Amino acid sequence: MRVLITGASGHIGSVLADRLDEQFEIRGLDVRAAPASYRGEFVVGDCADPVVATEAVRDMDAVVHLAGIATEADLLLVLHGHVLGTAALLDAMVRHGVRRMVLASSNHAVGMTPRPASGEPIQTGTPPRPDTFYGVGKVAAEALLSLYADRHGISSVAMRIGSFLERPTSRRNLATWLSYDDCVAMVEAGLVADFEGVVPIYGISANRDAWWDLDAGRSIGYHPRDDAAAYEHELPHAPEDEAEAQWVGGPFATGAPTRTAFELDDVSEGGGT
Ligand code: 15L
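Just so it is clear, the structure is predicted and the values come from calculations on it, not from any experiment.

## Observations concerning the overall build of the protein chain
Looking only at helices and strands, one finds eight helices and nine strands in the protein chain. Relative to the compact-globule value of 19 Å for 273 residues, the protein chain shows a C-alpha radius of gyration of 19 Å, a close match. Expressed as lengths along the three principal axes of its C-alpha atoms, the size of the protein chain is roughly 60 × 50 × 40 Å. Within the protein chain, the proportion of its 273 residues that are buried is 50%. Partitioning the intrachain contacts of the protein chain with sequence separation of at least 6 by distance along the chain shows that 68% fall at a separation of at least 24. Counting only carbon and sulfur atoms, one obtains 52% of the accessible surface of the protein chain, whose full area is about 13,000 Å². Positive and negative charge centroids in the protein chain, built from 21 and 39 side chains respectively, lie 4 Å apart.

Next comes the structure, spelled out in structure tokens:
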């Protein structure tokens, strides 16, 4: 199976490109150069450019789409990376008859959801509740998957990734951690699973303290093995722990919002006609 990985020079992309290349034929795409350790075919370019996207998707069987700024940013940057980039790739997939996308969505698509008090984990059907423009971008990217599934028959997995880290580093990670091994297993499952439509799943490990439900992931063959609780003894308690645990988006959801969609200077003073 030939797989395009966008964002192949990023944190998740470089781990995946390194670990998936025995099972799949990988082509990497990124606005940055390939990491020194990268093996195989690599294209430097912006997936939000339809010409770049069309060429990058040519001859592929599936797309793992990770490109985009992985944190809060100006709305226009968010729209460019997460919305226009996803749309350009989906268009290219329609053009070349490519039928499967595995998308890096994020827990921040539902980040303003209160932490489950009952112990009942949050399901994938919970309404979108972004905590940032970044989260809005991920909600919109998931909506594009739905549109292209219904209108063009492209099936996809929207991985609402928690905290992708080599090891957990904070108390919040007891719920949100996604280990490298589990991430690789999740993407493999997303590429080969037999289904139609869009399957949103939570991209976390089998954490004892998980806030999100893993059944949807298991339904497509994602069976995580790691558990952040194994590192509990080494995770420091911090003053912000309690506030960060109030909403599942953690630090993205706490504190005063720091951005507006537009600065007043950007808005034309012109009156109506
Ligand atoms: C994400 O979606 C971000 O890309 C990453 O930077 C982390 O903040 C992560 O979520 C998280 O919630 O820990």
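## Regarding the packing of helix H3 (residues 75-96) against helix H4 (residues 133-152)
Axis separation between H3 and H4 bottoms out at 9 Å; the angle between their running directions is 15°. By the angle between their axes, H3 is roughly parallel relative to H4. Along this stretch, H3 crosses H4, giving a crossing that reads as right-handed. Contact with H3, carried on its side by Leu75, Val78, His82, Val83, Thr86, Ala87, Leu90, Asp91 and Val94, involves Phe133, Tyr134, Gly137, Lys138, Ala140, Ala141, Leu144, Leu145, Tyr148 and His152 of H4 and no other residues of that element.

## With respect to the pattern of salt bridges
One pass over the structure, following the stated rule, counts 14 salt bridges. Asp18 is the partner of Arg39 in a salt bridge, and the nearest nitrogen-oxygen pair spans 3.1 Å. Of the two residues, Arg39 is situated in the loop between strand E2 (25-30) and strand E3 (41-44) and Asp18 in helix H1 (residues 11-20); the sequence distance between them amounts to 21 residues. Where Asp30 meets Arg32, a salt bridge forms, and the shortest distance between an N and an O atom there is 3.0 Å. What makes Arg32 partly exposed here is its relative accessible area of 46%.

## Comments concerning unusual backbone geometry
Unlike most non-glycine residues, Asp59 shows phi in positive territory, near 70°. By the element assignment, Asp59 lies in the loop between helix H2 (50-57) and strand E4 (62-65).

## What about the layout of surface pockets?
Of the volumes computed, that of the largest pocket is approximately 940 Å³. Lining the largest pocket are 47 residues, and of these Leu66, Gly68, Ile69, Ala70 and Tyr134 lie nearest its centre. Every element with two or more residues in the lining of the largest pocket is listed here: H1, E2, H3, strand E5 (100-106), H4, strand E7 (163-164) and helix H8 (241-244). Per-element accounting of the lining of the largest pocket gives the leading share, five residues, to H3. Here the residues of the lining of the largest pocket sort into 19 nonpolar, 19 polar and nine charged. Here the second largest pocket defines a volume of roughly 280 Å³. Lining the second largest pocket are 15 residues, with Asp131, Thr132, Phe252, Pro257 and Thr258 sitting closest to its centre. A breakdown of the residues in the lining of the second largest pocket according to their chemical character gives seven nonpolar, five polar and three charged.

## Points about H2
Because each turn of an α-helix spans 3.6 residues, side chains separated by three or four positions in sequence point in the same direction. Regarding H2, the residues found buried are Ala53, Thr54, Ala56 and Val57. Across the axial projection of H2, the buried residues extend over an arc of 170°, all falling on one side. Where H2 is buried, its residues contact strand E1 (2-6), E2, E4 and H3. Two to three positions downstream of the cap, the backbone nitrogen of Val51 sits 2.8 Å from a side-chain oxygen, assigning the N-cap of H2 to Asp49. One or two residues past the end of H2 sits Asp59, with phi positive at roughly 70°.

## Focus: H3
Given a rise of 1.5 Å per residue, 22 residues ought to cover 32 Å, and the 30 Å separating the end C-alpha atoms of H3 matches this to within 8%. The largest bend along H3 measures about 30° and falls at Leu84. Count one or two residues on from H3 and you reach Gly97, which has phi positive near 70°.

The rules behind each value
- Residues numbered from 1 in each chain as written.
- Predicted model: local features only at pLDDT ≥ 70, side-chain atom pairs only at ≥ 80, totals over all residues.
- Heavy atoms only, no water.
- Helix = DSSP H or I, 4+ residues; strand = E, 2+ residues; numbered from the N terminus.
- Rg over C-alpha atoms; globule rule 2.2 N^0.38 Å.
- Buried < 20%, exposed > 50% of the residue type's maximum accessible area, 1.4 Å probe, protein only.
- Contact = heavy atoms within 4.5 Å.
- Areas by Shrake-Rupley, 256 points an atom, 1.4 Å probe, with all protein chains shown as cover.
- Lys, Arg positive; Asp, Glu negative; His and termini not counted.
- Charge placed at Lys NZ, Arg CZ, Asp CG, Glu CD.
- Axes fitted to C-alpha atoms, helices over the stretch in contact; angles between N-to-C directions.
- Parallel < 35°, antiparallel > 145°, perpendicular 65-115°, else oblique.
- Left-handed = near helix turned anticlockwise from the far one by under 90°.
- Salt bridge = Lys/Arg side-chain N within 4 Å of Asp/Glu carboxyl O.
- 1 Å grid on protein atoms, 1.4 Å probe; cavity = no way out; pocket = protein on both sides within 12 Å on 5 of 7 lines; lining within 4 Å.
- Points joined across faces, edges and corners; volume = space filled by probe spheres on them.
- Nonpolar A, V, L, I, M, F, W, Y, C, P; charged D, E, K, R; others polar.
- Arc of directions from axis to C-beta.
- Polar contact = N/O pair within 3.5 Å; in protein donor to acceptor, adjacent residues only side chain to side chain.
- Expected span 1.5 Å × (residues − 1).
- Bend = angle between axes of the 7 residues up to and from the residue.

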